[in-house]
Amino acid sequence: MRPPDAEGQAVAVFAALTDPTRRALLEELGRAGPATVTDLARRLPISRQAIAKHLGQLAEAGLISVGEPAGRRHPYRLEPAAIRTAQVWLAKLANRWDDRLAALERALDATDTKESSNDEQA
């Protein structure tokens, strides 16, 4: 189940990306395209059970989805929307910091200018 808001979605994405195994699975799906648990177990030094567990967590975060099954095989594929949501959230956060840092810089410049004027008058 996906979190309903952008911040919640971003938190879910960041939490999912903290694990190196999940990042490796995402990289493999990005590199080679949709794959089943069995396909991924052949390509990576990870057990099928561990892969299935990690794929579940990635799906919960919205980073992957399960495609149409072919018999008992279920291909997993990347879902870029969750990453985009996290990127937008990060960009907004960065903009807030940029605005605050710019305001601080202006305040410091004003203080420096005021002190320089006072030094010249003395």
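S.K.: Hey, could you run me through the packing of aromatic side chains in this one?
M.R.: Any pair of aromatic rings gets described here by the distance separating the centres and the angle formed by the planes. What the rule picks out here adds up to one aromatic pair. The interplanar angle of 55 degrees and the centroid separation of 6.1 Å between the aromatic rings of phenylalanine 14 and tryptophan 89 together place this pair among those described as tilted. Of this pair, phenylalanine 14 sits in helix α1 (residues 6-17) while tryptophan 89 sits in helix α5 (residues 80-121), and the two are 75 residues apart along the sequence. Given a relative accessible area of 22%, tryptophan 89 falls into the partly exposed group.

S.K.: Sorry if this is basic, but what is going on with α1 here?
M.R.: Helical geometry: 3.6 residues make up each α-helical turn, so side chains three or four residues apart lie on a common side. Taking 1.5 Å of rise per residue, the 12 residues of α1 would be expected to cover 16 Å, and the 16 Å separating its terminal C-alpha atoms lies within 8% of that figure. Along α1, the positions that sit buried rather than exposed are Gly8, Gln9, Ala10, Ala12, Val13 and Ala16.

S.K.: Explain the packing of helix α2 (residues 20-32) against helix α4 (residues 48-60) here, please?
M.R.: Packed helices, taken two at a time, are described by the angle their axes make and the gap between the axes. Taken N-terminus to C-terminus, the directions of α2 and α4 make an angle of 80 degrees; their axes are 10 Å apart at the nearest point. Here α4 runs roughly perpendicular to α2, going by the angle between their axes. Residues Thr21, Arg22, Leu25, Leu26 and Leu29 of α2 pack against Ile51, His54, Leu55, Gln57 and Leu58 of α4.

What counts, and where the lines are drawn
- Residues numbered from 1 in each chain as written.
- Predicted model: local features only at pLDDT ≥ 70, side-chain atom pairs only at ≥ 80, totals over all residues.
- Heavy atoms only, no water.
- Phe/Tyr/Trp six-rings, centres within 6.5 Å; stacked < 30°, edge-to-face > 60°.
- Helix = DSSP H or I, 4+ residues; strand = E, 2+ residues; numbered from the N terminus.
- Buried < 20%, exposed > 50% of the residue type's maximum accessible area, 1.4 Å probe, protein only.
- Expected span 1.5 Å × (residues − 1).
- Axes fitted to C-alpha atoms, helices over the stretch in contact; angles between N-to-C directions.
- Parallel < 35°, antiparallel > 145°, perpendicular 65-115°, else oblique.
- Contact = heavy atoms within 4.5 Å.

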